[in-house]
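# Structural overview for review
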Amino acid sequence: MSRLVTVSRPGEEHIIPLASLDLPHGFSDRELKDAVAVHLKAEPASLAGHQVEHQGDRIVVHDRTGWSDAMVVRFLVWGVTFLFVGTIQGVVQVMPDIRRWIFSTGGAGHMIDPLAHAHVNLVGGVVMVVIAVCYYLLPRTLKRPVYSRRLAHLSLWGMAVGVSMWYLSMVTLGYLEGSMMLAQGIGFHEAKAAYQPWHALGFVIPATVMGIGHWLFIANVYLTVAKRPRG
Ligand code: HEM
Ligand code: HEM
């Protein structure tokens, strides 16, 4: 039976019979990668960081981590930045005057704490760091790259832009509506009505963007797990 070389790279997989590669007897991993590059008409440098694993009759050449390690760092940096913003808000909102303002403005104060505070910390901080951990672990445990770089990029921007928009929108609308309630002695429903359609849009648009960010990440995880190597 002819030995097969499986080349697994982000978004592509090739199975090449070893016999079809022009290799000397007792070839090295380096020679194998060079021959694979010639076969795929790829730059030899593009396979330089790839790992070669000899699995019985099969040889696997794969980019185990590659681009997804850069994505780990991006999610981590955004995650800790959101956590920084959220914990600063946490410290600010324990101040007695701020607590009083938040309590006395009902639904408007609720947008600032917990809606802005909880989501910037939990979605922006915790979820984004969890995503970074997933992108670190997936290629290493499955021994193949994450399914799609484009999905990872889009989900990063969905999360980063969505959480930022949600945060700014909750804090701004909460502050404007709360101030209107106190200045005019009106209830939350009247203040909210005065800020329509901005109030509704301020929820719906950031929520949709955040949702897309979560779901693209989730799709990428399912697709990475589902894409079993052939053979
Ligand atoms: C320096 C750090 C922080 C401070 C000083 C702080 C402070 C606060 C305060 C004063 C409240 C309002 C509690 C109340 O309404 O009785 C609150 C609520 C909340 N915080 Fe933080 N926080 C901090 C960090 C975090 C982090 C890191 C997370 C999540 C990872 C978080 C998640 C939440 C949530 C989910 C609520 C809403 C709880 C509820 O409505 O019952 N906080 N925080
Ligand atoms: C697309 C994503 C998300 C959207 C649009 C969203 C939106 C909302 C909304 C509208 C509420 C109800 C607010 C209220 O009426 O009191 C809420 C509450 C909450 N969400 Fe989210 N959420 C999302 C994701 C998440 C995730 C991933 C987490 C945690 C990791 C989270 C944690 C919370 C918490 C702790 C509360 C309760 C806050 C409180 O009242 O104490 N959310 N969210």
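Residues numbered from 1 in each chain as written. Chains lettered and ligands numbered in written order. Predicted model: local features only at pLDDT ≥ 70, side-chain atom pairs only at ≥ 80, totals over all residues.

### A word on the overall build of the chain
A tally of helices and strands in the chain yields seven helices and four strands. Overall, the chain shows an N-to-C arrangement of helices and strands of β-β-α-β-β-α-α-α-α-α-α. For the chain, whose C-alpha radius of gyration is 25 Å, the value lies well above the compact-globule estimate of 17 Å for 231 residues. Projected onto the principal axes, the alpha-carbon positions of the chain cover approximately 85 × 30 × 25 Å. Counting all 231 residues of the chain, 33% fall into the buried class. Across the chain, the fraction of contacts at a sequence separation of at least 24, relative to all contacts at a separation of at least 6, is 70%. (Helix = DSSP H or I, 4+ residues; strand = E, 2+ residues; numbered from the N terminus. Rg over C-alpha atoms; globule rule 2.2 N^0.38 Å. Buried ≥ 20, exposed ≤ 12 C-beta atoms within 10 Å, placed from the backbone. Contact = placed C-beta atoms within 7 Å.)

### Quick word on the site of ligand 1
Thr 87, Gly 90, Pro 114, Ala 118 and Asn 121 are the nearest of the 14 residues found near ligand 1. Broken down by secondary-structure element, the contributors of at least two residues to the shell around ligand 1 are α2 (67-93) and α4 (106-142). The dominant element in the shell around ligand 1, judged by the number of residues it contributes, is α4, at eight residues. The residue inventory of the shell around ligand 1, partitioned by class, reads six nonpolar, seven polar and one charged. (Near = placed C-beta within 6 Å. Nonpolar A, V, L, I, M, F, W, Y, C, P; charged D, E, K, R; others polar.)

### Describing the pairing of strand β3 (residues 51-55)
Strand residues, when the strand is regular, have side chains that alternate between the two faces of the sheet. Two strands pair when backbone bridges link them, and β3 and strand β4 (residues 58-62) are joined in this way by five bridges, in the antiparallel orientation. Each residue of the ladder has a partner; that of Gln 55, found in β4, is Arg 58. Between the antiparallel neighbours β3 and β4 lie two residues, among them Gly 56 with a positive phi of about 60°. (Pairing = 2+ DSSP bridges.)

### Remarks on helix α7 (residues 198-226)
Here α7 is 29 residues long and its end C-alpha atoms lie 41 Å apart, about the 42 Å a rise of 1.5 Å per residue gives. All of the buried residues in α7 are Gly 202, Pro 206, Met 210, Gly 213, Leu 216, Phe 217, Asn 220 and Thr 224. Buried residues belonging to α7 abut α4 and α5 (149-184). (Expected span 1.5 Å × (residues − 1).)

### A closer look at the packing of α4 against α5
Between α4 and α5, the shortest axis-to-axis distance is 8 Å and the interhelical angle comes to 170°. Looking at the two axes, α4 sits roughly antiparallel to α5. The way α4 lies across α5 gives a crossing that is left-handed. In terms of residue class, the contact of α4 with α5 is made up of 19 nonpolar, five polar and one charged. (Axes fitted to C-alpha atoms, helices over the stretch in contact; angles between N-to-C directions. Parallel < 35°, antiparallel > 145°, perpendicular 65-115°, else oblique. Left-handed = near helix turned anticlockwise from the far one by under 90°.)

### Quick notes on the domain arrangement of the chain
Partitioning the chain into domains gives domain 1 (4-62) and domain 2 (67-226). Using C-alpha coordinates to define each centre, domain 1 is positioned 43 Å away from domain 2. Contacts between the two partners involve five residues from domain 1 and, on the opposite side, six residues from domain 2. Classifying every residue of the side of domain 1 that touches domain 2 by side-chain character gives one nonpolar, three polar and one charged. (Domains from an automatic or database assignment.)

### Some points on the sheet that holds strand β1 (residues 4-9)
Spatially, four strands are ordered β2-β1-β4-β3 in an open sheet, and the strand pairing comes out mixed. Both edges of this open sheet fall to β2 (12-17) and β3, since each of them pairs with a single strand only. Each strand of the sheet is rotated relative to its neighbour by a mean of 20°, with strand direction disregarded. Sheet topology note: the β1/β4 ladder contains five bridges and is parallel. From the neighbouring strand, Val 7 faces β4, where its bridge partner is Val 61.

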